[in-house]
Amino acid sequence: MLVGTAGHIDHGKTTLVKALTGVDADRLPEEKARGITLDLGYAYTPLPAGGVLGFIDVPGHEKLIHNMLAGATGVDFVLLVVAADDGPMPQTREHLELIDLLGLAKGAVALTKCDRVDAARLAAARHEVEALLAGTALAGCPIFPLSAIGGDGVPALRAHIEAAAANHRARSASGYFRLAIDRAFTLAGVGTVVTGTAHAGKVSRGDTPIISPPGYKARVRSLHAQDRPADGGQAGDRCALALTGDFEKQDIARGMWLVAPELHRPLNRFHAEIRVPAGQSALEHWHAVHVHLAAADITGRVALLDCEKVSPGGTALAEVILDRETL
């Protein structure tokens with residue numbers, strides 16, 4: 001099972017992931033220096049019954065929403081982190097709205113920094129969170145007061161996540177392989193490595209997928225699934241694949257896909273049903289937008305097909321025209 005964090009900047013997401021896994025998900029020097037998460041971080045921990053629990057830690061800054069969405073797409077369980085002293089803040093609400101749009105309904109709330117507040121403030125923060133969740137996909141989910149630094153309450157949250165993982169139904173591995181690339185790097189003696197979440201199908205050592213949309217032909221030299229060496233990976237796994245082919249690391253970018261050759265059909269437009277969340281501005285015909293598709297962030301425009309404007313809370317049929325190709 002893949003767990004994704006969500007929440008406002010400096011509410012303790014990365015500290016909590018470390019308390020749950022023992023792994024510091026901040027990997028960039030600038031993250032260490034500034035004490036904030038700037039890009040996606042990853043941590044893994046073994047489950048008591050076998051298997052591996054994966055965590056994707058996302059940044060909480062308002063300017064890094066594209067990175068948050070790159071991590072949130074494909075997770076199975078949402079861990080919404082809210083600091084008890086602050087309570088819900090702007091990015092708490094924005095992340096929750098995005099969770100709703102992604103259709104993520106399984107999760108829990110970690111009410112962090114409880115060691116900094118008294119009982120009255122803790123009760124008030126809990127009430128604020130419950131009110132915020134009302135009417136969303138996470139309404140009624142459990143709330144765990146805790147201190148990630150002191151450790152109080154962390155075992156209860158860990159036990160709940162482990163129970164959710166034990167009851168989690170693995171995604172179907174049927175269909176052609178499709179993985180959303182969110183990182184690409186080079187390892188000495190290994191070569192080019194791409195990582196991402198597999199959205200469909202299976203992949204094995206020796207397979208020859210396509211990096212799409214550029215169309216680079218690749219061969220899988222070796223791979224890790226859920227942070228462990230493996231002969232293969234499948235839908236729902238975080239995978240790292242060592243690839244060979246006529247390309248370099250700099251030719252690969254976040255937002256590309258690694259797919260079975262049969263799926264390599266790049267496009268720059270598609271039809272969709274558009275929903276404008278309540279509280280947002282109306283969406284007018286030919287409005288410029290950012291389209292977040294798995295790990296990709298692509299600019300484009302919305303051509304409304306059955307109206308001239310979509311009011312908050314409304315839906316409409318539209319054609320989305322992208323400024324560059326995707327899969």
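Residues numbered from 1 in each chain as written. Predicted model: local features only at pLDDT ≥ 70, side-chain atom pairs only at ≥ 80, totals over all residues. Heavy atoms only, no water.

A.B. asks: Quick question: what am I supposed to make of the overall build of the protein here?
C.D. replies: Within the protein, the secondary structure is distributed over six helices and 21 strands. Taken over C-alpha atoms, the radius of gyration comes to 20 Å for the protein, in line with the 20 Å a tight globule of 327 residues would show. When the backbone C-alpha atoms are referred to their principal axes, the protein occupies close to 60 × 55 × 40 Å. Counting only residues that meet the buried cut, the protein has 50% of its 327 residues in that class. Working note: accessible area of the protein is about 15000 Å², and carbon and sulfur atoms make up 50% of it. (Helix = DSSP H or I, 4+ residues; strand = E, 2+ residues; numbered from the N terminus. Rg over C-alpha atoms; globule rule 2.2 N^0.38 Å. Buried < 20%, exposed > 50% of the residue type's maximum accessible area, 1.4 Å probe, protein only. Areas by Shrake-Rupley, 256 points an atom, 1.4 Å probe, with all protein chains shown as cover.)

A.B. asks: Honestly, helix α5 (residues 119-133) in this entry has me stumped. Any pointers?
C.D. replies: Residues separated by three or four positions in an α-helix point in the same direction, a consequence of the helix having 3.6 residues per turn. Across its 15 residues, α5 extends 21 Å between first and last C-alpha, which sits within 8% of the 21 Å expected from 1.5 Å per residue. For α5, the full list of buried residues reads A125, V129, L132 and L133. Buried residues of α5 fall within an arc of 95° about the axis and therefore sit on the same side. Exposed and oriented more than 90 degrees from the buried face of α5 are A119, A120, H127 and A131. As for α5, its buried residues are in contact with β4 (77-83), α4 (90-102), β5 (107-112) and β6 (143-145). At the exit of α5 stands G135, carrying a positive phi of roughly 85°. (Expected span 1.5 Å × (residues − 1). Arc of directions from axis to C-beta. Contact = heavy atoms within 4.5 Å.)

A.B. asks: Is there a simple way to explain the pairing of β5 in this structure?
C.D. replies: Sheet faces and side chains relate simply in a regular strand, where the side chains alternate between the two faces. Burial of β5 is extensive: six of the six residues sit out of reach of the surface. Of the two faces of β5, both are covered, the one formed by G107, V109 and L111 as well as the one formed by A108, A110 and T112. Here six bridges tie β4 to β5, and the two strands are oriented parallel to one another. Within β5, the residue paired with L79 across the bridge is A108. (Pairing = 2+ DSSP bridges.)

A.B. asks: How should the sheet that holds β4 be read in this particular structure?
C.D. replies: Remark on secondary structure: sheet strands pair via backbone hydrogen bonds, oriented parallel or antiparallel. The six strands are arranged β2-β3-β1-β4-β5-β6 in an open sheet whose pairing can be described as mixed. The open sheet has two free edges, formed respectively by β2 (41-46) and β6, since each of these has just one partner strand. Direction aside, neighbouring strands of the sheet carry axes that sit 25° apart on average. In this sheet, strand β3 (residues 52-57) lies alongside β2 in antiparallel orientation, the contact comprising six bridges. Among the inter-strand pairings, P46 is bridged to a residue of β3, identified as V52. Each of β1 (2-6) and β4 touches α4; the most contacted strand, β4, lies at about 165° to it. Strands β4, β5 and β6 of the sheet are contacted by α5, whose axis makes an angle of about 150° with β5. (Axes fitted to C-alpha atoms, helices over the stretch in contact; angles between N-to-C directions.)

Remember that the coordinates give geometry; whether it matters functionally is a separate question.
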